[in-house]
Amino acid sequence: MFTRGTLIYIVQRLVLITLAVLGVSSLVFLGIHRLPGDALFSEHLRGTQYELTLHHYGLDRPLWQQYLTFLGNMFHGDLGESLVNRGVPITPIVLREMSVSAEVGLVALIFTIGLGMSFGVIAALRQNTWLDYLLSTTSVIGYSMPNFVIATFLILVFGVWLENITHGNFYFEIGWPGRYGSIGAIWLPAFALGFPSASIVARMTRASMLEVLQQDFIRTARAKGLAPATITIRHALRNALIPVITVLGPLAMAIITGGVVVENIFGIPGLGKEFATSILNRDYNVVIGVFTGYAALVGLTNLGVDLLYVVIDPRIRY
Amino acid sequence: MATPILQVKDLQTQFTTHDGVVRAVDGVSFDLYPGESLGIVGESGSGKSVTALSLLRLVPNPGRIVGGQVLFRNDDLLQLSDEEMREIRGRDIAMIFQDPQSSLNPVLRTGFQIAEAMLAHQRSTRSQALRRAVELLRRVRIPAAESRAKDYPHQLSGGMRQRAMIAMGLANAPAIVVADEPTTALDVTVQAQILELLADLNHELGAAVVMITHNMGVVAGLCTRVLVMYAGQIVEQGPVEQIFEDPQHPYTWSLLKSIPRVDAVRHERLRSIEGIAPDLLRPPRGCRFHPRCPFRVEKCFSDDPHLIEVKPDQRAACWVTMDRARAEMGADDLLDIRPGSASGVQAGRLVE
Amino acid sequence: MAATPATVVAAEPIAPAQASLWSDAWRKLRRNRLALGGAVYLTLVVVVALTALVWTPYPMAEVGVGIPYSAPSLQHWLGLDTIGRDVLSRLMVGAQVSLLVGVGTQLVVLAIGVPIGLAAGYFRGVFDQVTTFVINLFYGVPNLLVALILVFLLGPSLTNIIVAIAATGWMDMARLVRGQTLSLRERDFIEASRAAGARPAKILFGHVLPNALGPIIVQATFGVPAAILFEAFMSFLGLGVPPPMPSWGSMAADGITAIRIAANLVIAPAVALSLTLMAFNFVGDGLRDALDPRQRR
């Protein structure tokens, strides 16, 4: 499945991702540093204190010098320090938050693929029955609902109403007690994040299953006397997945983006929450850092999706 | 001859479409004897492929088998449960399909697709089955069988793919192999090799072969008996040599006229059949071939002919038969083969 | 004798017949009940938004028209929000914001994306390479985040939100139009008018654009709910339209803090938003099936 060529391909892609990350963070850096220096601070600093702070962050130097320093630090993996919390380095924060977001995103992706595929397969196998119509309608509603609406309803049902019905004995606690989410804390946000994408996967899986089930090799499999379940899973589903995987890249992107909102609703300490907080706090260095983290996350996700092609479709080689 | 291994009685398969019911197979009956090689010939749309698919109950939607019997080892296959039928498929009756390109799963290794046929019916481990698959590939004369077994279908040539399909059909040493146009999608040179392979396997393994084809040449090379189908019905059947020498149905006669023969006694003109195959939504009344038949008589317009013994072992469904056409209408010297040209019976009330 | 029907080979028309394409599409669209239902709902939203221009039950920004967190009642059909403003009035004005952002963004996207796509696909060369490079560059970054940064840098206002969303959305349109142009420019009727000496502008706007119009309309229709969703996201995060202007997104964000005491505050904007997005998607699906059968998913 994976050959030497694949390895070379991965290395090439990693180089490209690094360049893209540098490019994106440079753009954000230059965009933000066009603003006058004093716009960079939310507190009212006066006189020498202001001068000293500017100097501390190197903001008193010409832009090109600042940029070179920024690039140099980037190569060492140093994203600088927070403007709001002086002395706090950004890199470890962003790395930790990346892993939290990736954790939630991964569970969401599992929901997306698992739910979407099963719904799609069932709808295709029961084509034009009430079950098919029910699932198809659900998926149309699903992809039209913004994830924060789904999140809100989940909180309402599992957090508020469930608590009222069971008199506080059994309900979903909103919030994120530890650094990483437990199974109990992660499934609602992951579901909210994954459901709209799952609807799209379900629609595509259904269509592509229906097409694959008409193919000659399915007839061959039946003529061999294989069990229906084997035919569905081994022969039909694997082929039906190929077109579905092509949308997985954009869907993963939607999940990453959606994280900004969902993390804020559920209070998850991930990249998305930091993004909103840092923008509202005008902590520009953190904004740049978070953006860098996002660019890396997107690049790696797309690489992962492309490698999935190779696993699913033997005709693709890199 | 021995007792038949498969008996098909009055098989009826229909397709329900928006425009009406298409009787793709309309009352087909025949026997298949152990180890023999039976050809079913006809144009596309004659119902020969649907007949083959009906034997294994693999007719695609919206097709339905609505009547008749398919008797195999004292069972009527049409009455079996889905699970019982599944066990027959691939184990007792195997099928080889027309287009090996689309009939093999593109995402599974060739060897595995063969092994899978065994694993569905036999107690054996995956590695045993895979080893057997390599043997089978060797048996269908694929060079470097071990490495080919690990290839995906797109890495094989067309001929090799069809060999792999045949290996798959032979995996469980079935009693019957149904081959649906196995050479149509292949180059001419490869066609000959595949036919030769099928003939050898028929002799070596003793499996009965049902060969579905539109090509009389294929039948001549491989089969001992032949059924000729037209518009969902059998119009003539008998031993291959006899039919080739002395066809009695005008349709068979014109089919044989339309292929070049190296052993032709006289220098004959090659002729294609006039007209187009009938629309099975609204089949013609009477004999279904009459709108295209040069030898038709009045009766052909109104009455449906039944298969009757015209020669020893040879049956044809025709009111005229070629013996009479030769004697009374000069069929051998006929140049004009337009409908009714030889008999002079023209349609005043033809075609609804 | 049965006559063999003579085969009549129809001469290929010089340009695809437009009139029949559109009337055919209209017939297909009318039979699509979901699309029709969506269109009816959207008409209702437009009527509500226009009504809100001249009349709302209560002034949408007036604080304390009743007791905060009040449940829906005869006086206040959808209740009162956290500082005692009438939710229905704010919902009606919110419809204006959503429609303005959705339609406004797509107008900008059309104005930028279509000419760039046409030029890139028709002239190719350096311009095409630069365009493709920029499109691919943006493809690697989540659009929502870029739009958020832009609004942040430009300052939050309705215009800036439209500009920011359009700035991240024109690439998809440009890519579509470029692809259409690339395939159309090889067709005979384009070759013919080129041979007849027509100027590029006339070819592009007279021949290429009319033939690519179907997919463009479909894409723009799907772009509207995407833009509305973006605005809702931004407002939900507190980076959208500045208060006291209501947006369904910011109303939901306010409501979620009060989810335990007055769930109607979050349910009302959430349902309005979801239904609107759904309606646009239904209409989009219907248009795609009617106008662009090849792109069916």
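Here the structure is a predicted model, which means the values were calculated and not measured.

With that settled, consider the overall build of chain C. The helix and strand tally for chain C stands at 10 helices and zero strands. Reading the secondary structure of chain C in the N-to-C direction produces α-α-α-α-α-α-α-α-α-α. Summarising its shape, the C-alpha atoms of chain C cover approximately 85 × 60 × 30 Å along the three principal directions. Sequence-distant contacts, at least 24 apart, represent 71% of the contacts inside chain C between residues at least 6 apart. Total accessible area on chain C is roughly 14200 Å²; 68% of this is exposed by carbon and sulfur atoms. Charge separation in chain C, taken as the distance between the mean sites of 20 positive and 15 negative side-chain charges, equals 6 Å.

What follows concerns the layout of surface pockets. Of the pockets and cavities examined, the second largest pocket occupies roughly 1300 Å³. In terms of lining residues, the second largest pocket is bounded by 31 residues, among which Leu213(A), Arg222(A), Val59(B), Pro60(B) and Asn61(B) are the most central. Per element, the largest residue contribution to the lining of the second largest pocket is four residues, and it comes from helix H8 (residues 216-223) of chain A.

As a further point, take the sheet that holds strand E11 (residues 308-311) of chain B. Residue and element names in this part refer to chain B. Spatially, eight strands are ordered E6-E7-E8-E3-E9-E10-E12-E11 in an open sheet, and the strand pairing comes out mixed. In the strand order of this sheet, the two ends are held by strand E6 (93-96) and E11, each with one partner. When the angles between neighbouring strand axes are averaged without regard to direction, this sheet yields 25 degrees. Pairing between strand E7 (residues 176-180) and strand E8 (residues 208-213): five bridges, direction parallel. Its bridge partner being in E8, aspartate 180 is matched across the sheet by isoleucine 212.

A few words now on the confidence of the model for chain C. All names here are of chain C. In this model, chain C carries an average pLDDT of 81, and 91% of its residues clear a pLDDT of 70 or more. When pLDDT is averaged over each helix and strand of chain C, the minimum, 73, is found for helix H1 (residues 18-31) and the maximum, 91, for helix H3 (residues 87-123). At the level of chain-chain contacts, confidence expressed as ipTM amounts to 0.85, with global pTM at 0.77.

Before going further, it helps to examine the interface of chain A and chain C. Taken residue by residue, the interface counts 41 residues in chain A and 37 residues in chain C. Among the residues chain A hides against chain C, the three largest losses belong to Ser144(A), Phe148(A) and Ile279(A). Together they make up 16% of the total. For the interface between chain A and chain C, the tally reads one salt bridge. The partner of Asp285(C) in a salt bridge is Arg203(A), and the shortest N-O contact between them spans 3.6 Å. Here chain A and chain C share two residue pairs in polar contact (both at pLDDT 80 or more) between them. Secondary-structure elements contributing two or more residues to the side of chain A that touches chain C are helix H1 (4-33), helix H5 (130-144), helix H6 (147-165), helix H7 (183-213), helix H10 (248-266), helix H11 (271-281) and helix H12 (284-312) of chain A. With 10 residues, the single largest contributor to the side of chain A that touches chain C is H6(A). Class assignment for the residues of the side of chain A that touches chain C results in 31 nonpolar, seven polar and three charged.

The next subject is the packing of helix H9 (residues 248-257) of chain C against helix H10 (residues 264-291) of chain C. Residue and element names in this part refer to chain C. Contact pair H9 / H10: the axes reach a minimum separation of 7 Å and the direction vectors enclose 150 degrees. Compared by their axis directions, H9 and H10 come out roughly antiparallel. Of the two possible hands of crossing, H9 and H10 adopt the one that is left-handed. Contacts between H9 and H10 involve Trp248, Met251, Ala252, Gly255 and Ile256 from the first element and Leu265, Val266, Pro269, Ala272, Leu273 and Thr276 from the second. Tallied by class, the residues present in the contact of H9 with H10 amount to nine nonpolar, two polar and no charged.

The next thing to look at is the domain arrangement of chain B. Per the domain assignment, the segments making up chain B are domain 1 (93-173) and domain 2 (246-335). Computed over C-alpha atoms only, the centres of domain 1 of chain B and domain 2 of chain B are separated by 42 Å.

The next point concerns the pairing of E7(B). All names here are of chain B. With five of five residues buried, E7 lies mostly within the body of the structure. Note: E6 against E7, four bridges, orientation parallel. Bridging from a neighbouring strand, alanine 94 pairs with valine 177 of E7. Read from E7 through helix H8 (residues 188-205) to E8, the crossover connection turns out right-handed.

A few words now on the pairing of strand E1 (residues 6-17) of chain B. All names here are of chain B. Pairing of E1 with strand E2 (residues 20-32), which is carried by 10 bridges, proceeds in the antiparallel orientation. By the bridge assignment, leucine 6 is partnered in E2 with leucine 32. Counting the residues that bridge the hairpin from E1 to E2 gives two residues. Relative to strand E4 (residues 63-72), E1 is paired through eight bridges, and the arrangement is antiparallel. Bridged to phenylalanine 15 within E4 is glycine 63.

A few words on unusual backbone geometry. Residue and element names in this part refer to chain B. Of the consecutive residues asparagine 61 and proline 62, the connecting peptide bond is found in the cis state with omega at -5 degrees. Positionally, proline 62 belongs in the loop between helix H1 (48-55) and E4. Residues other than glycine seldom take positive phi values, yet arginine 73 does so here, at roughly 50 degrees. Positive phi is not limited to glycine here, since arginine 141 has a value of about 60 degrees.

The next subject is the environment of Ile256(A). Looking at where Ile256(A) falls in the secondary structure, it is placed in helix H10. In sequence terms Ile256(A) and Thr301(A) are 45 residues apart; their C-alpha atoms lie 9.5 Å from each other.

Definitions and limits used
- Residues numbered from 1 in each chain as written.
- Chains lettered and ligands numbered in written order.
- Predicted model: local features only at pLDDT ≥ 70, side-chain atom pairs only at ≥ 80, totals over all residues.
- Heavy atoms only, no water.
- Helix = DSSP H or I, 4+ residues; strand = E, 2+ residues; numbered from the N terminus.
- Contact = heavy atoms within 4.5 Å.
- Areas by Shrake-Rupley, 256 points an atom, 1.4 Å probe, with all protein chains shown as cover.
- Lys, Arg positive; Asp, Glu negative; His and termini not counted.
- Charge placed at Lys NZ, Arg CZ, Asp CG, Glu CD.
- 1 Å grid on protein atoms, 1.4 Å probe; cavity = no way out; pocket = protein on both sides within 12 Å on 5 of 7 lines; lining within 4 Å.
- Points joined across faces, edges and corners; volume = space filled by probe spheres on them.
- Pairing = 2+ DSSP bridges.
- Axes fitted to C-alpha atoms, helices over the stretch in contact; angles between N-to-C directions.
- pLDDT = per-residue confidence, 0-100.
- Buried area = accessible area lost by both parts, 1.4 Å probe.
- Salt bridge = Lys/Arg side-chain N within 4 Å of Asp/Glu carboxyl O.
- Polar contact = N/O pair within 3.5 Å; in protein donor to acceptor, adjacent residues only side chain to side chain.
- Nonpolar A, V, L, I, M, F, W, Y, C, P; charged D, E, K, R; others polar.
- Parallel < 35°, antiparallel > 145°, perpendicular 65-115°, else oblique.
- Left-handed = near helix turned anticlockwise from the far one by under 90°.
- Domains from an automatic or database assignment.
- Buried < 20%, exposed > 50% of the residue type's maximum accessible area, 1.4 Å probe, protein only.
- Right-handed = clockwise from strand over helix to strand, strands pointing away.

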